[in-house]
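Per-entry structural report
Letter by letter, the chains look like this.
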Amino acid sequence: MKSGFVAVVGRANAGKSTLINVMVGEKIAIVSPKPQTTRDRILGVLTTDDYQIAFIDTPGIYKADNLLNSVMQKTTNDSVADVDAVLFVMDAHEGISDTDRELLKKYSSLNVPTVLALSKTDIMPESLLISELKELGEENVDIVPVSARKNKNVKELIKVILKHLPEGGKLFEEDIVSDRSEKFMISEIMREKILLKFDKEIPHGIAIIINKFALMDGGRTYEINLDIVCEKSNHKAILIGKGGKAIKEVSSFARQDMEKFLGKKVFLTTYVKVKEDWRNSAQLMKQYGYEGL
């Protein structure tokens, strides 16, 4: 059988996490339309009788304007070391930018096979896709246009990736789909719902801290107590909303997904706290689990 590690890289909001979720067949990474949704290096494992692929989801390539973003970019760069292949995801419907070309040359120049996935092809005209394929045809990489949302060409993409993976045994047990704990995924679900509900910079300045994650009621219910940490007092007011309406809505939204993920009822308690400029504090980043990611 074939097996190997594949680093999935690309600019912020290119659709990396959505594509990995579809390939793995389970939600192992949160998604939203906003950049910087993925902060951590997350492993998603696809296992069949013939192969096992360990996809490494990485933070989107984005201008580093604080310490957290700098660490995220280092994580992405470190992730391409010692992998069997690189999957570079490019948002096709936005057109090919100079940054895309530079990044593609960067990864294809490494001594690692590189596959280019042109994403979001379901929301672009076919004429533009043909033009982009011609433009990229001179690059020394395999190119596969895909739509994760429509599950279009995803199987073909996996076939192309497999061409570059070595023969070998399983890297993980068959029932492993991610290297992340349930507790981690619960915090990510909460952060995802905040990303989807609130606009602009507020979601990017929040961290989720799980204070309690325990079974109760004879193992039928999870009790989850968490803090939503933001950077400014006015952000706290927005997150809570008038009469607590906003925090109740986003918590209810999150609880539904938590119950689906855990397969049990969830009793969720949320608090909003302020830690000014925590994304530039090495001490607070370490406390919140972001040191070195």
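Residues numbered from 1 in each chain as written. Predicted model: local features only at pLDDT ≥ 70, side-chain atom pairs only at ≥ 80, totals over all residues. Heavy atoms only, no water.

The subject of this paragraph is helix H8 (residues 245–262). Taking 1.5 Å of rise per residue, the 18 residues of H8 would be expected to cover 26 Å, and the 26 Å separating its terminal C-alpha atoms lies within 8% of that figure. Listed as buried for H8 are Ala-246, Ile-247, Val-250, Ser-251, Ala-254, Asp-257, Met-258, Glu-259 and Leu-262. Of the surrounding elements, those touching the buried residues of H8 are helix H6 (182–197), strand S7 (207–216), strand S8 (221–230), helix H7 (233–240) and strand S9 (265–274). Looking one or two places after H8, you find Gly-263, whose phi comes out positive at around 75 degrees. (Helix = DSSP H or I, 4+ residues; strand = E, 2+ residues; numbered from the N terminus. Expected span 1.5 Å × (residues − 1). Buried < 20%, exposed > 50% of the residue type's maximum accessible area, 1.4 Å probe, protein only. Contact = heavy atoms within 4.5 Å.)

The subject of this paragraph is the sheet that holds strand S5 (residues 114–119). With mixed pairing, 6 strands are arranged side by side in an open sheet as S2-S3-S1-S4-S5-S6. One side of each edge strand has no neighbouring strand; the edge strands of this open sheet are strand S2 (42–47) and strand S6 (142–145). In this sheet, neighbouring strand axes are inclined to one another by 25 degrees on average, regardless of whether the strands run parallel or antiparallel. Summarising the sheet, S2 and strand S3 (residues 51–57) pair through 6 bridges and their orientation is antiparallel. Paired with Leu-46 across the bridge in S3 is Ile-53. Sitting on the sheet, helix H1 (residues 16–24) is in contact with strand S1 (2–9), S2, S3, strand S4 (85–91) and S5, with an inclination near 160 degrees to S3. This element, helix H3 (residues 98–108), spans S1, S4 and S5 of the sheet and lies at about 175 degrees to S4. (Pairing = 2+ DSSP bridges. Axes fitted to C-alpha atoms, helices over the stretch in contact; angles between N-to-C directions.)

With that out of the way, let us pick up the pattern of salt bridges. One pass over the full model with this rule turns up 19 salt bridges. Taking the shortest distance from any N to any O, the salt bridge between Glu-192 and Lys-193 comes out at 3.0 Å. Owing to a relative accessible area of 2%, Glu-192 belongs among the buried residues under this scheme. The residue Arg-279 makes a salt bridge to Glu-231 at a minimum N-O spacing of 2.9 Å. With Arg-279 in the loop between S9 and helix H9 (282–287) and Glu-231 in the loop between S8 and H7, this pair connects stretches of sequence that are 48 residues apart. Residue class for Glu-231 comes out buried when judged on its relative accessible area of 9%. Through salt bridges with shared partners, one network takes in Lys-27, Glu-192, Lys-193 and Asp-257. (Salt bridge = Lys/Arg side-chain N within 4 Å of Asp/Glu carboxyl O.)

All right, on to the packing of H6 against H8 then. With their axes 9 Å apart at the nearest point, H6 and H8 run at an angle of 140 degrees to one another. Relative to H8, H6 is oriented oblique. Once H6 is placed against H8, the crossing between them reads as right-handed. Of H8, the residues touching H6 (which contributes Glu-182, Met-185, Ile-186, Ile-189, Met-190, Glu-192, Lys-193, Ile-194, Leu-196 and Lys-197) are Ala-246, Glu-249, Val-250, Ser-251, Phe-253, Ala-254, Asp-257, Met-258, Phe-261 and Leu-262. Along the lines of polarity and charge, the residues of the contact of H6 with H8 split into 13 nonpolar, 1 polar and 6 charged. (Parallel < 35°, antiparallel > 145°, perpendicular 65-115°, else oblique. Left-handed = near helix turned anticlockwise from the far one by under 90°. Nonpolar A, V, L, I, M, F, W, Y, C, P; charged D, E, K, R; others polar.)

This part covers the sheet that holds S8. Strand order in the open sheet made by the 3 strands is S7-S8-S9, with mixed pairing throughout. In the strand order of this sheet, the two ends are held by S7 and S9, each with one partner. Across the sheet, the mean angle from the axis of one strand to that of its neighbour is 15 degrees, orientation sign disregarded. When S7 meets S8, the two strands line up antiparallel, connected through 9 bridges. By the bridge assignment, Ala-214 is partnered in S8 with Glu-223. Contacts between H6 and the sheet are confined to S7, S8 and S9, with S7 contributing the most and set at about 130 degrees to the helix. Contacts from H7 reach S8 and S9, with the element oriented near 155 degrees to S9.

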